[in-house]
Amino acid sequence: MIYADNAATTRISDTVFEKMVPFFKDQYGNASSHYTLGTAAKRAIEKSRNQFATALTATPDEIFFTSCGSESNNWVLFGAALSRCKSGDHIITSSIEHHSVLNSCKALENQGIKITYLPVDHYGRVSLSDVCNSVQKNTKLVSIILANNEIGTIQPIAEIGEFLRTKNILFHTDAVQAVGNIPIDVKKLGVHFLTASAHKFNGPKGIGILYKRNDIELVPLIHGGSQEFKLRAGTENVAGIVGAGFAIEESVNNLQENIDKLNKLYDSTVKSVRKSIPDLILNGDPQHRLPNILSLTFDGVSGEALMHILDLKGIYVSTGSACSSGNSEPSHVLMAIGLSEQQAKGTIRISYNKYNDMDEVTKITDCVCSAYKKIKLMK
Amino acid sequence: MSKNIRCRFCDSDINRNTIGLNKKIFGEDQRKDRMMCIACMAGVLECSEEDLIEKINEFKNEGCPLFE
């Protein structure tokens, strides 16, 4: 098996897994219990909080654990709306956000909030001037994805943060694809909120992270007990939180080494596929991009077809469309960067991780080129 | 429905599930006169017929209406 769909999820690191096991077996206490088994669990959570604070250049009281990136995104959007917005107030986001942001915005629109969905250029970049020009007197929140999950384009978050710095507007970034893959410093980004998800950087599924600047208030989305500084109720997933902490520590400790490796895999993939298929389109921004996500568009061939043929060879990649009722719906991200519906449907995403190597790249590119030619031949 | 569609290589009958698989593997727009049976498709794709039957079952389980 060759797994190259790491933007969807990643294999858990062996170290991370080993660190989690005791919290399933022996140290299974509830972190809210005031006896030794409980306080040990509480200490383990606080260690993880410290690991994230170090990784993101934040303080531990600014780190909150949730159940996933989608919950963190929902919390910011609905929390900000509940505490700051009245009907007719305004939120700015982009047209290429993850559905957890886009669908939250649609739900808020139904409650009377006005939403601006900023366009992106051919590379998938939001323009700073578009952000500036969209701000209104009643704009309460700006939420822009840091790095796109389909094409890997990195947005000018620090520049937008600088522009918003003197304005009374909350600024959130969904950094789910970025954290663990590129350096992140919340102070340099100038954000009030940042979302991450452990399973994107070799941690466990079921752990989301929300950075919230400590001078910013956010009302809870989940009410109940006093967990997470009384802002996110629910018994903590101790093993998952512990695993997430070690996963971010491991990622950050080896960050530059991983980036260098991923860039080599990226370049080799593009070079090899282009050699066989010269009219290949490489989507995304050649300069401002993640090192691990490749979005490739093939002329006259279905991305879903390519994915299924690769699947038969034990190679896992994803497509630029979601199959629904036998018809595939083109990706909103690929349509937003100006691809035609046919091009969007002819797109696959290959996303690498530190566990991939050059031998796998050779097998993937050989298979992609061979599958492409077979489909063309059999048409 | 499927009785008019035959394998482009061996002329055998192609049933609804095989038509669905042709569309999945070669694209939604695959012409009926370019479709192939499971055995011939396995030869073209260099995989086993069992692999392709397993794929059909996966699509069925996902609820894809191309399969019955």
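Just so it is clear, the structure is predicted and the values come from calculations on it, not from any experiment. (Residues numbered from 1 in each chain as written. Chains lettered and ligands numbered in written order. Predicted model: local features only at pLDDT ≥ 70, side-chain atom pairs only at ≥ 80, totals over all residues. Heavy atoms only, no water.)

A. Summary view of the overall build of chain A. Secondary structure summary: chain A contains 15 helices and 15 strands in total. Here the C-alpha atoms of chain A give a radius of gyration of 21 Å, agreeing with the 21 Å that 2.2 N^0.38 yields for 379 residues. Projected onto its principal axes, the C-alpha positions of chain A cover 65 × 55 × 40 Å. Taken across its 379 residues, chain A has 58% of its residues classed as buried. Considering only contacts within chain A whose residues lie at least 6 apart along the sequence, 73% involve residues at least 24 apart. When the 39 positive and 38 negative side-chain charges of chain A are each reduced to one mean point, those points stand 1 Å apart. (Helix = DSSP H or I, 4+ residues; strand = E, 2+ residues; numbered from the N terminus. Rg over C-alpha atoms; globule rule 2.2 N^0.38 Å. Buried < 20%, exposed > 50% of the residue type's maximum accessible area, 1.4 Å probe, protein only. Contact = heavy atoms within 4.5 Å. Lys, Arg positive; Asp, Glu negative; His and termini not counted. Charge placed at Lys NZ, Arg CZ, Asp CG, Glu CD.)

B. Representation of the interface of chain B and chain A within the structure. Between chain B and chain A, the residue contacts involve 23 residues of the former and 19 residues of the latter. Here chain B meets chain A over a buried area of about 1700 Å², counting both sides, of which 54% is carbon and sulfur. The largest share of the area that chain B buries against chain A comes from Lys24, Phe26 and Glu28 of chain B, three residues that together contribute 30% of it. The tally of links between chain B and chain A comes to 4 salt bridges. With a closest N to O distance of 2.7 Å, Glu46 of chain B and Lys374 of chain A form a salt bridge. Taken together, the connections running from chain B to chain A amount to 11 residue pairs in polar contact (both at pLDDT 80 or more). Tallying contributions element by element places helix H3 (residues 49–62) of chain B first for the side of chain B that touches chain A, with 5 residues. Classifying every residue of the side of chain B that touches chain A gives 12 nonpolar, 2 polar and 9 charged. (Buried area = accessible area lost by both parts, 1.4 Å probe. Salt bridge = Lys/Arg side-chain N within 4 Å of Asp/Glu carboxyl O. Polar contact = N/O pair within 3.5 Å; in protein donor to acceptor, adjacent residues only side chain to side chain. Nonpolar A, V, L, I, M, F, W, Y, C, P; charged D, E, K, R; others polar.)

C. Inspection of the packing of helix H12 (residues 303–312) of chain A against H3 of chain B at higher detail. Interaxial distance between H12 of chain A and H3 of chain B falls to 11 Å at its minimum, and their mutual angle equals 130 degrees. With respect to H3 of chain B, the axis of H12 of chain A lies oblique. Seen along the crossing, H12 of chain A lies across H3 of chain B with a hand that is right-handed. Counted together, His308, Asp311 and Leu312 of chain A of H12 of chain A and Asp51, Leu52, Lys55, Glu58 and Phe59 of chain B of H3 of chain B form the full contact between these two elements. Class assignment of the residues belonging to the contact of H12 of chain A with H3 of chain B gives a composition of 3 nonpolar, 1 polar and 4 charged. (Axes fitted to C-alpha atoms, helices over the stretch in contact; angles between N-to-C directions. Parallel < 35°, antiparallel > 145°, perpendicular 65-115°, else oblique. Left-handed = near helix turned anticlockwise from the far one by under 90°.)

D. Spatial organisation of the nonpolar core. Formed by 62 residues in total, the largest nonpolar core has its most connected members in Leu146, Val179, Ile184, Leu194 and Ile209 of chain A. It is helix H10 (residues 238–253) of chain A that contributes the most residues to this core, 8 residues altogether. Aside from chain neighbours lying at most four places away, what touches Ile209 of chain A is Phe52, Ile63, Phe64, Phe65, Thr66, Ser72, Leu194, Thr195, Ala196, Ser197, Ala198 and Phe201 of chain A. With 55 residues, the next largest nonpolar core counts Ile375 of chain A together with Ile25, Ile38 and Ala42 of chain B among its residues. (Core = buried A, V, L, I, M, F, W, Y, C linked by side-chain atoms within 4.5 Å.)

E. How the structure looks around the sheet that holds strand S2 (residues 63–66) of chain A. Residues and elements named next belong to chain A. Spatially, the 7 strands line up as an open sheet ordered S2-S8-S7-S6-S5-S3-S4, and their pairing is mixed. With one partner strand each, in any of the chains shown, S2 and strand S4 (114–118) form the two edges of the open sheet. For this sheet, the mean angle separating the axes of adjacent strands, direction not counted, is 20 degrees. Sheet topology places S2 next to strand S8 (residues 208–212); 4 bridges connect them, and they run antiparallel. The residue of S8 that forms the bridge with Phe65 is Ile209. Across the sheet, helix H7 (residues 157–164) lies against strand S5 (139–143) and strand S6 (170–174), angled at about 170 degrees from S6, the strand it touches most. (Pairing = 2+ DSSP bridges.)

F. How the structure looks around the side chain of Arg125 of chain A. All names here are of chain A. Structurally, Arg125 is set in the loop between S4 and helix H6 (128–134). Only 2.7 Å separates the side chain of Arg125 from the backbone oxygen of Ile154, close enough to count as a polar contact. Ignoring anything within four residues of it in the chain, the contact list for Arg125 reads Pro119, Val120, Thr153, Ile154, Gln155, Pro156, Asp285 and His288.

G. View of the sheet that holds strand S15 (residues 347–351) of chain A. Residues and elements named next belong to chain A. With antiparallel pairing, 4 strands are arranged side by side in an open sheet as S9-S10-S15-S12. On the outer flanks of this sheet lie strand S9 (281–283) and strand S12 (318–319), each paired with one strand and no other. The sheet strands contacting helix H11 (residues 255–276) are S9, strand S10 (293–297) and S15, and the helix crosses S10 at an angle near 15 degrees.

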